[in-house]
Amino acid sequence: MPTPAEFPTRPLGGFRILNCRSAELIGLLTARMTAGIKTALVFANTNFVVQCQDLRDAMQEPDVLIANDGIGLDLASLAIHGEKFVDNLNGTDLTPALLQSLPKPTRVYLYGAAPESVAGAVRRISALPNVVVCGYADGYGRRIPHDQIIDDISQCQPDLLLVALGNPRQERWMIENRDRLEVPLTIGVGALFDFLSGSKARAPAFVQKLHLEWAFRLMLEPRRLLKRYTYDIGVFFALCMRIGKRV
Ligand code: UDP
């Protein structure tokens, strides 16, 4: 079985970021999950790099994988390494692709998002052939109080845990609870449950192809996202240039 160490990475913003194709990463994740080897996967977009700086050391662990997500990472990579990443590994596409390609029945637990979003996501992914939803909880403590989540997850014994609390909340939660979670594969999925349930619209395919999904999201939620796609982008590039190839 390939180990994460055999996968090429590229330092950016102080993180060691995978530089591989989506199918290769799905193969690695599936093999490790099937073998019961603990793995955490997070997706690095520009917001992640800015928000998760204090988690850099914790994310050096060999069982924490960081995938590149979006055009901002490509541009920073071009500036620092002279080339883009070989693929865009965003969680909104990669996680459903992983769920669709599961080779055998897999217990999945969903944690995060608003109650109606996570319930809608449960309905969507339950329809997939090898997905067995063994439990779920919203990210606001309504269905299950926050301090009981780990116990609930333990009782449900998932093979795969999807955490949708946004950056940096989901990454911090995954890192802080790593030792208590007896789950082979944990993925931080951001707004995935909102997209799966339809409570948030995804950009049309041609907008995604043009790498303008961020502009579509900005148009839908200007108040919340304006600072992220203006000031924070400046902070992101400044950080990347200052840190260079160090991790
Ligand atoms: N979220 C949550 N609990 C919180 C804050 C956020 O469950 O306390 C959920 C939110 O409902 C959404 C997901 O986290 O489904 C991603 O949040 P957001 O859209 O802010 O993250 P982004 O993808 O924009 O970074």
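- Looking at an unreviewed UniProt entry, one finds the chain named WecB/TagA/CpsF family glycosyltransferase and attributed to Derxia gummosa DSM 723.

**Points about the overall build of the chain**
Right, so step 1: Along the chain, the regular secondary structure elements total twelve helices and eight strands.
Right, so step 2: The C-alpha radius of gyration of the chain comes to 17 Å, within 12% of the 18 Å expected for a compact globule of 247 residues.
Right, so step 3: In terms of principal-axis extent, the alpha carbons of the chain reach across some 45 × 40 × 35 Å.
Right, so step 4: Evaluated residue by residue, the chain yields a buried proportion of 53% over its 247 residues.
Right, so step 5: The long-range fraction of contacts in the chain, counting pairs at least 24 apart against all pairs at least 6 apart in sequence, stands at 73%.
Right, so step 6: Mean positive and mean negative side-chain charge positions of the chain (28 and 25 charges, respectively) differ by 4 Å.

**Things to note about the packing of helix H3 (residues 71–81) against helix H12 (residues 231–243)**
Right, so step 1: Interaxial distance between H3 and H12 falls to 10 Å at its minimum, and their mutual angle equals 30°. Seen from above, H3 lies across H12 with right-handed handedness. Within the contact between the two elements, H3 uses Gly72, Leu73, Leu75, Ala76, Ala79 and Ile80 and H12 uses Phe236, Phe237, Cys240 and Met241.
Right, so step 2: Broken down by class, the residue content of the contact of H3 with H12 amounts to nine nonpolar, one polar and no charged.

**Notes on the packing of aromatic side chains**
Right, so step 1: Applying the stated criterion to the full structure yields four aromatic pairs.
Right, so step 2: Between phenylalanine 15 and phenylalanine 48 the ring centres are 4.9 Å apart and the planes differ by 50°, which places this aromatic pair in the tilted class. Of the two residues, phenylalanine 15 is situated in strand E2 (residues 15–18) and phenylalanine 48 in helix H2 (residues 46–51); the sequence distance between them amounts to 33 residues.
Right, so step 3: Residue classification places phenylalanine 15 among the buried positions, given a relative accessible area of 1%.
Right, so step 4: Taking NZ or CZ as reference, arginine 10 lies 5.1 Å from the ring centre of phenylalanine 85, over its face.
Right, so step 5: Over the aromatic face of tyrosine 136 sits the side chain of arginine 143, whose NZ or CZ is 3.8 Å from the ring centroid.

**Looking at the sheet that holds strand E8 (residues 185–188)**
Right, so step 1: One open sheet holds the six strands; their spatial order is E4-E3-E8-E7-E5-E6, and the pairing between them is parallel. If you trace the sheet from one side to the other, it starts and ends with strand E4 (64–68) and strand E6 (131–137), each paired once. Ignoring which end each strand starts from, the neighbouring axes of this sheet average 20° apart.
Right, so step 2: Two elements, strand E5 (residues 106–112) and E6, share six bridges in a ladder whose sense is parallel. Following the sheet pairing, tyrosine 109 is matched in E6 by glycine 135.

Scoring rules and cut-offs
Residues numbered from 1 in each chain as written. Predicted model: local features only at pLDDT ≥ 70, side-chain atom pairs only at ≥ 80, totals over all residues. Heavy atoms only, no water. Helix = DSSP H or I, 4+ residues; strand = E, 2+ residues; numbered from the N terminus. Rg over C-alpha atoms; globule rule 2.2 N^0.38 Å. Buried < 20%, exposed > 50% of the residue type's maximum accessible area, 1.4 Å probe, protein only. Contact = heavy atoms within 4.5 Å. Lys, Arg positive; Asp, Glu negative; His and termini not counted. Charge placed at Lys NZ, Arg CZ, Asp CG, Glu CD. Axes fitted to C-alpha atoms, helices over the stretch in contact; angles between N-to-C directions. Left-handed = near helix turned anticlockwise from the far one by under 90°. Nonpolar A, V, L, I, M, F, W, Y, C, P; charged D, E, K, R; others polar. Phe/Tyr/Trp six-rings, centres within 6.5 Å; stacked < 30°, edge-to-face > 60°. Lys NZ or Arg CZ within 6 Å of the ring centre and 35° of its normal. Pairing = 2+ DSSP bridges.

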